[in-house]
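Here are the chains, one letter per residue:
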Amino acid sequence: MNIRSGPSACRILGIDPGSQRTGFGIIDVDAAGKLTHVHHGALAVADEETFPLRLKRIFDGLAAIIEAHQPAECGIERVFMARNPDSALKLGQARGAAICAVAAKGLAVHEYAPTEIKQAVVGSGRGDKTQVQHMVGILLGLKGPLQPDAADALAIAVTHAHTRASLARVGIPRTAWRRR
């Protein structure tokens, strides 16, 4: 099923950016809010000779996935503060390559903090990776263990599906949701 954006039905790409592995997950959400798994995986880029080649592989890989699966919307994890400044910079650059791949294909990028993703999927902003993997499997009816990066990407897609449905019901911008 190839669903383009409509008032309630949509194909969503979730991206979990990383400088060594970038997870991706694609789901369909129908008018009733039913989630269906389409595709998931991870782009392993750590074996590239240079860091710029890693970024190019992330860009090219995501562009090919977008071309093949035709998502209408995209969710991506927002950068969090890391203890190691070098790691944070590399993560930010990998995230930038992913965002550029999505934007180059004409899709809007919706950003979610790690706590928002865990809250939407696990029910608590402090859930761990194992809980996220387990709940993504349940929500999408997947059998067997999920690779962590792909599970996180699917969780981001699920978060976006839930958020867009809430926005449609409430009718106010997402930025207005935050408590003051």
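Refer to the preceding data block for the structure.
Numbers given to residues run from 1 along each chain, matching the order in which its sequence is written. Per-residue local features of the predicted model are confined to residues with pLDDT of at least 70, and side-chain atom pairs are confined, for both listing and counting, to 80 or more; whole-chain, interface and lining totals are unaffected and use all residues. Excluded from the side-chain calculations are hydrogens and water; all other atoms, namely the structure's heavy atoms, are used.

Novice: Tell me about the pairing of strand E1 (residues 10-16), and name the residues and values.
Specialist: Of all seven residues that make up E1, seven are buried, and the element is covered over most of its length. Burial classification: accessible surface area is computed with a 1.4 Å probe over protein chains only, and a residue below 20% of its type maximum counts as buried, one above 50% as exposed, and the rest as partly exposed. Helical segments are the DSSP runs of H or I of at least four residues, strand segments are the runs of E of at least two, and each set is numbered from the N terminus. Of the two faces of E1, both are covered, the one formed by Cys 10, Ile 12, Gly 14 and Asp 16 as well as the one formed by Arg 11, Leu 13 and Ile 15. Whether two strands pair depends on DSSP finding at least two bridges between them. Examined bridge by bridge, E1 and strand E2 (residues 21-29) share seven bridges and lie antiparallel to one another. Looking across to E2, one finds that Gly 14 is bridged to Gly 25. Remark: four residues form the turn of the hairpin made by E1 and E2, two consecutive strands paired antiparallel.

Novice: Before we move on, could you go through the packing of helix H1 (residues 51-69) against helix H2 (residues 85-104) and cite the residues and values that matter?
Specialist: Between H1 and H2, the least distance of the axes is 8 Å, while the angle of their chain directions is 35°. By crossing handedness, the relation of H1 to H2 is classed as right-handed. From H1, Phe 51, Leu 55, Ile 58, Phe 59, Leu 62, Ala 63 and Ile 66 reach across to H2, where they touch Lys 90, Gln 93, Ala 94, Ala 97, Ala 98, Cys 100, Ala 101, Val 102 and Ala 104. Ten residues, namely Ala, Val, Leu, Ile, Met, Phe, Trp, Tyr, Cys and Pro, are considered nonpolar, four, namely Asp, Glu, Lys and Arg, are considered charged, and the remaining ones, Gly among them, are considered polar. For the contact of H1 with H2, the per-class residue count stands at 14 nonpolar, one polar and one charged. To obtain an axis, a line is fitted to C-alpha atoms, over the contacting stretch when the element is a helix, and the angle between two such axes runs from 0 to 180 degrees between their N-to-C directions. In this scheme the handedness of a crossing depends on how the near helix is turned from the far one: anticlockwise by less than a right angle means left-handed, clockwise means right-handed. Throughout, a residue-residue contact means that at least one pair of heavy atoms, one from each residue, lies within 4.5 Å.

Novice: Before we move on, can you summarise the packing of aromatic side chains with the specific residues and values?
Specialist: We call Phe, Tyr and Trp rings a pair once their centres come within 6.5 Å, taking the six-membered ring for Trp, and we label the pair stacked below 30 degrees between planes, edge-to-face above 60, and tilted otherwise. As enumerated under the stated definition, the model contains zero aromatic pairs in all. The rule is short: NZ of Lys or CZ of Arg within 6 Å of the ring centre and within 35 degrees of the ring normal puts a charge over the ring. One Lys or Arg, Lys 90, reaches over the ring of Phe 51 and ends 5.8 Å from the middle of that ring.

Novice: Kindly report on the pattern of salt bridges, identifying the contributing residues and their values.
Specialist: Pairing is possible between side chains of opposite charge, provided their charged atoms come close. Take a side-chain nitrogen of Lys or Arg and a carboxyl oxygen of Asp or Glu: if they are within 4 Å of each other, that pair is a salt bridge. Taken as a whole, this structure holds 11 salt bridges when the rule is applied. Here Arg 21 makes a salt bridge to Asp 149, at a shortest N to O gap of 3.0 Å. With Arg 21 in strand E2 and Asp 149 in helix H5 (residues 148-170), the pair connects residues that are 128 residues apart, well separated along the chain. Since its relative accessible area comes to 16%, Asp 149 is described here as buried. Here Lys 105 makes a salt bridge to Glu 67, at a shortest N to O gap of 2.9 Å. A residue pair is termed long-range when its members are at least 10 positions apart, and Lys 105 in the loop between H2 and strand E5 (109-112) and Glu 67 in helix H1 qualify at 38 residues. On the basis of relative accessibility, which here comes to 36%, the residue Lys 105 falls in the partly exposed class. One continuous salt-bridge network, built from bridges that share partners, spans Asp 47, Glu 48 and Arg 57.

Novice: Please give an account of the side chain of Arg 54 that cites residues and values.
Specialist: The topology assignment puts Arg 54 in helix H1. In summary, the charge assignment counts Lys and Arg as positive and Asp and Glu as negative, without counting His or the chain termini. Despite its burial, Arg 54 pairs with no opposite charge; the closest candidate is Asp 47, at 7.2 Å N-O.

Novice: A description of unusual backbone geometry should follow, citing residues and the corresponding values.
Specialist: Residue Gln 70 is not a glycine yet carries a positive backbone phi of 50°. Along the chain, Gln 70 turns up in the loop between H1 and strand E4 (73-77). The exposure class of Gln 70 is partly exposed, given its relative accessible area of 26%.

Novice: I'd love a proper account of the pairing of E2, names of residues and values included.
Specialist: Among the nine residues in E2, eight count as buried, and that is most of the element. In this structure, E2 lies alongside strand E3 (residues 35-44), joined through nine bridges in antiparallel fashion. The residue bridging Val 29 from the neighbouring strand is Leu 35, located in E3.

Novice: Describe in detail the side chain of Asp 149, supporting the description with residues and values.
Specialist: A distance of 3.0 Å separates the side chain of Asp 149 from the side chain of Arg 21, its partner in a polar contact. Apart from residues no more than four positions distant in its own chain, Asp 149 is found in contact with Asp 16, Arg 21, Gly 23 and Ala 42. N or O atoms within 3.5 Å of each other form a polar contact, as long as, within protein, one can give a hydrogen and the other can take it, and as long as residues adjacent in sequence are counted only when both atoms are side-chain atoms.

Novice: Can you break down the sheet that holds E2 residue by residue, with the values?
Specialist: Strand pairing in a sheet is mediated by backbone hydrogen bonds. Such pairs are either parallel or antiparallel. Pairing in this open sheet of five strands is mixed, and the strands run E3-E2-E1-E4-E5 from one edge to the other. Each edge of the open sheet is held by one strand with a lone partner, namely E3 and E5. Here the average twist between neighbouring strands, direction ignored, is 20°. Against the sheet, H1 makes contact with E1, E2 and E3, and its axis sits at roughly 155° relative to E3, the strand it touches most. In the packing of helix H3 (residues 114-121) onto the sheet, the strands contacted are E4 and E5, and the crossing angle to E5 comes to about 85°.

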